[in-house]
Every structure is written in structure tokens, then in C-alpha cells.
Amino acid sequence: KYLSKSSYMAGLKCPRQLWQLIWDRDSAGPDDGMSKLIKRFGIRFGELAHSLFPGAALIKIDRYKLKQAVEDTRKAIADGAEVVLEAAFCHGQCRVISDVVEKLDDGSWHLTEVKSSTSVKSEHIDDLAYQKWVMEQCGYPVSRCSVIFADKEGVWPELSSIFKKEDVTEKVNRAVLDVPGNLEAMLPILDPANPAPATVENFSKGACWDCVFKKTVCWKDVKGFTIHHLVNKPKIPGLKKLGVLYADDIPDDYPLADSYRKNVNRVRSKAIEVDRPAIDAMLNELEYPIHFLDFETVSIAVPPFDGTRPWDKMPFQYSLHILDADGTKTHHEYLHRDSTYPSIEMAQKLLDDVRGSGSIVVYHAAMEIS
């Protein structure tokens, strides 16, 4: 078993997530359609970034033959390659595939990670720190580190315009100091003789909210509201020491801020609070006919149409119910089915369907207005 970049990053979030990736990956929940689309175009973004390095050596990666990729990388460097794409390095049980490594004049290396996000994030620094550590253990000193990411101002089809580059060397140099300690905690998880780490005890909103094992493994038997849903983070360790997981079991005398205590009490009493004056005030603002409108949009890293930018939100579908004062309801809808830019045709159809007066009601105003 090896610790890859992705498994190292999982280990930083949660030891159980790392264990699942190593020993029981098949228990992951399925990706939804949008997640698959985003991942597919994230890979495509990385492939397009190769064009920024003409003449570079590209290592062919077969996940079942990674030893061959490591050997191919070593040979490419030995043969004088100045830039290597998808370079593979292995030290002990630590193995990485680096997006771009460039040899500098002093013999050291410039390590670059390609990410389809629109900015440099803290996890990118940890990712690069792990790669730098592995490369240097293999005898390749890394003196510079950068991140290539999506430039939201870039316009397709000008390929170079959709990429932005930022030097993060100093941040990575600080983060690499933590790598040996992190590995000391993670590498035992690769030993089949060691038991799986606990599940719910490791929960944190940052680590769990998008974890593919949350619903299928760690939280599959958790029913109802827990302290993680209702209590502010500093109070959770104390409740865990008391053995409390569910909101119903939080002691009445446990110190909580008023707002959190009110939420706990609402859940425990299974009561709904109705603020009638607020509801009346909102309803009185509405004018008939009332339009209940919902958009669907798609947003991906690689602009799919000329004139579009990375991560542009492109509406392609809507549903519109119109309620008249006499109770009459009508429904209109649009779904773009062609491989063309969808938003203009959709907007024209929407203008035809919306009445000339009345209120528009949406679920998330900021999103729909944008």
C-alpha cells in the first residue's frame, strides 16, 4: 500500500477517510452527475495546461503500473529532460505524481501543481509540501513551488488566457516541516495489522461535509440531529467527553449560548415556531401574478463555448409557475437540448413567459439574481 497525494490529503482531514481510501474504497457513495462533470473537466483543465510547456516530456501513467512511471520519470530526467509532466516519484510507501517539474539552472527543481479552482487554497500548499518532501527524499531538491489555476477573466478560445500562476514557495517551505509528523500518524494506517480508526468521533464539518464515505460508512447509522448539527464547535469536545452525540442527550445545565440552546430546545421538543407577523409582512409585499421561478445552471473549469470564461454560471433550464389572484396556476419550462451556448435562448424564452407585472419568488435570491 502506498500513500498518494490524494490519500495524504485525506489523512490530513480524517484518519478514517484515509483508512477507507486504502482498505475499503468501494464503500464510497456514488458521485452525482454534476460531480462527475466537474471532475471530468478538472482533468481536462490539467491536460490543457500541458500546452503551456511545449517540448516537455510527458510520463504515461497507468495506475496499475506506477513503478514503471517512476522508472520512466527517472530515465527522462537522466536523459536530460528539462521539464517533465506527470512526473512520478516514490520514497518508501510515499508516492506522488507531480503535474509539472522544471529543472532550474542551479540543478534544483521548480514544482508546479495544476488546480482547476479560481484561487490558491490552503490544501494546495499541503499538497505541494508532500510532493516536495517526496521529491527531495528521492534526491531532487525543490527550490521553487507554484500553483497554476483558473483565471476567471480569461476568455475561450484564447487558451493561455484561462491560466494564472502564483509562486507559493515560502508557504510550501513552512508546510513541508509538518510532513514528517503527519506521516508518522498516517503510515501506520497502511499496515493491515492495525485496526480501523473510529468513525463519528472524528467528525468535523470541514472534513466531512463532502466526504464520499460519510453517508455510507461513518454516519450511516446516525439518525436525527447531533451535537455537530446544533452546537458551536468549541463546545463539542466537552460533550463528547460526556458521551453525548444526539441533541436529545445534551444536559439541560450544559452551558450553551442562548441561540444554540434555543435550537437544541426546538429540536428536542419537535416544535415549529411560527413568526406570524414576519410571514404577514412578507406576504403583503407580494403582487399578483406571482412568478415562482427556479433556474438550473452549469459551471465548469474549461469554458465550453467561445466567449465564455472558466467557471461561468450558464443557465440552461428553468421552471416557472405563475399564480393569479383568483388561484389559477400555469406552468412554463425550458430545457436547452443543443450543444450550443444555452443562456441567450433560455433568457428569450423566459422573457416571453414572464408577465409584465407581479412579483418573482425564488429560493435563493442572490444566486438567481446573479
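Look a little higher up for the structure.
Draft legend 1. Just the overall build of the protein chain, in detail. On a plain count of helices and strands, the protein chain comes out with 15 helices and 10 strands. Radius of gyration (C-alpha) of the protein chain: 26 Å, far over the 21 Å computed for a compact globule of 370 residues. The buried share of the protein chain, reckoned over its 370 residues, is 38%. Once local pairs closer than 6 in sequence are excluded, the contacts in the protein chain between residues at least 24 apart make up 60%. Of the side-chain charges in the protein chain, 47 are positive and 54 negative, and the distance between the mean point of each set is 5 Å.

Draft legend 2. Local environment of the sheet that holds strand 3 (residues 94-103). Taken together, the 6 strands give an open sheet; going across it, the order is 1-2-3-4-5-6, and neighbouring strands pair in mixed fashion. Looking along the sheet, the strands with just one partner apiece sit at the ends: strand 1 (57-58) and strand 6 (163-167). Here strand 2 (residues 83-91) runs beside strand 3; their pairing, made up of 8 bridges, is antiparallel. In the sheet register, L85 faces strand 3, and the bridge partner there is V100.

Draft legend 3. Inspection of the side chain of Q20 at higher detail. Turning to its location among the elements, Q20 is positioned in helix 2 (residues 15-23). Residue class for Q20 comes out buried when judged on its relative accessible area of 1%. Dropping the residues within four chain positions of it, Q20 is found in contact with R25, S27, F213 and V217.

Draft legend 4. Local environment of unusual backbone geometry. Residue W156 is joined to P157 through a cis peptide bond whose omega torsion reads 15°. Mapped onto the fold, P157 is located in the loop between strand 5 (142-150) and strand 6. Phi is positive for K270, close to 55°, though the residue is something other than glycine. Assignment of secondary structure puts K270 in the loop between helix 12 (258-269) and helix 13 (276-285). K270 gets classed as exposed once you look at its relative accessible area, which sits at 68%. Look at W311: it is not a glycine, yet its phi comes out positive at around 65°. Along the polypeptide, W311 turns up in the loop between strand 7 (290-298) and strand 8 (314-323). The exposure class assigned to W311 is buried, which follows from its relative accessible area of 19%.

Draft legend 5. Spatial organisation of the pairing of strand 3. The element strand 3 is largely enclosed, with a buried count of 8 among its 10 residues. Hairpin geometry of strand 2 and strand 3 is characterised by an intervening segment of 2 residues between the two adjacent antiparallel strands and by a positive phi of about 60° at G92. Two strands pair when backbone bridges link them, and strand 3 and strand 4 (residues 109-114) are joined in this way by 4 bridges, in the antiparallel orientation. Within strand 4, the position partnered with K103 by the bridge is W109. Counting the residues between successive antiparallel strands, the hairpin from strand 3 to strand 4 contains 5 residues, one of them, G107, with a positive phi of roughly 90°.

Draft legend 6. Fine view of a nonpolar patch on the surface. On the surface, I272, V274, I279 and L283 cluster together into a nonpolar patch covering about 420 Å² of accessible area. Looking at the element boundaries, L283 is found in helix 13.

Procedures and definitions
Residues numbered from 1 in each chain as written. Predicted model: local features only at pLDDT ≥ 70, side-chain atom pairs only at ≥ 80, totals over all residues. Heavy atoms only, no water. Helix = DSSP H or I, 4+ residues; strand = E, 2+ residues; numbered from the N terminus. Rg over C-alpha atoms; globule rule 2.2 N^0.38 Å. Buried < 20%, exposed > 50% of the residue type's maximum accessible area, 1.4 Å probe, protein only. Contact = heavy atoms within 4.5 Å. Lys, Arg positive; Asp, Glu negative; His and termini not counted. Charge placed at Lys NZ, Arg CZ, Asp CG, Glu CD. Pairing = 2+ DSSP bridges. Patch = residues over 30% accessible without salt bridge, like charges linked within 9 Å, V, L, I, M, F, W, Y side chains within 5 Å. Areas by Shrake-Rupley, 256 points an atom, 1.4 Å probe, with all protein chains shown as cover. Salt bridge = Lys/Arg side-chain N within 4 Å of Asp/Glu carboxyl O.

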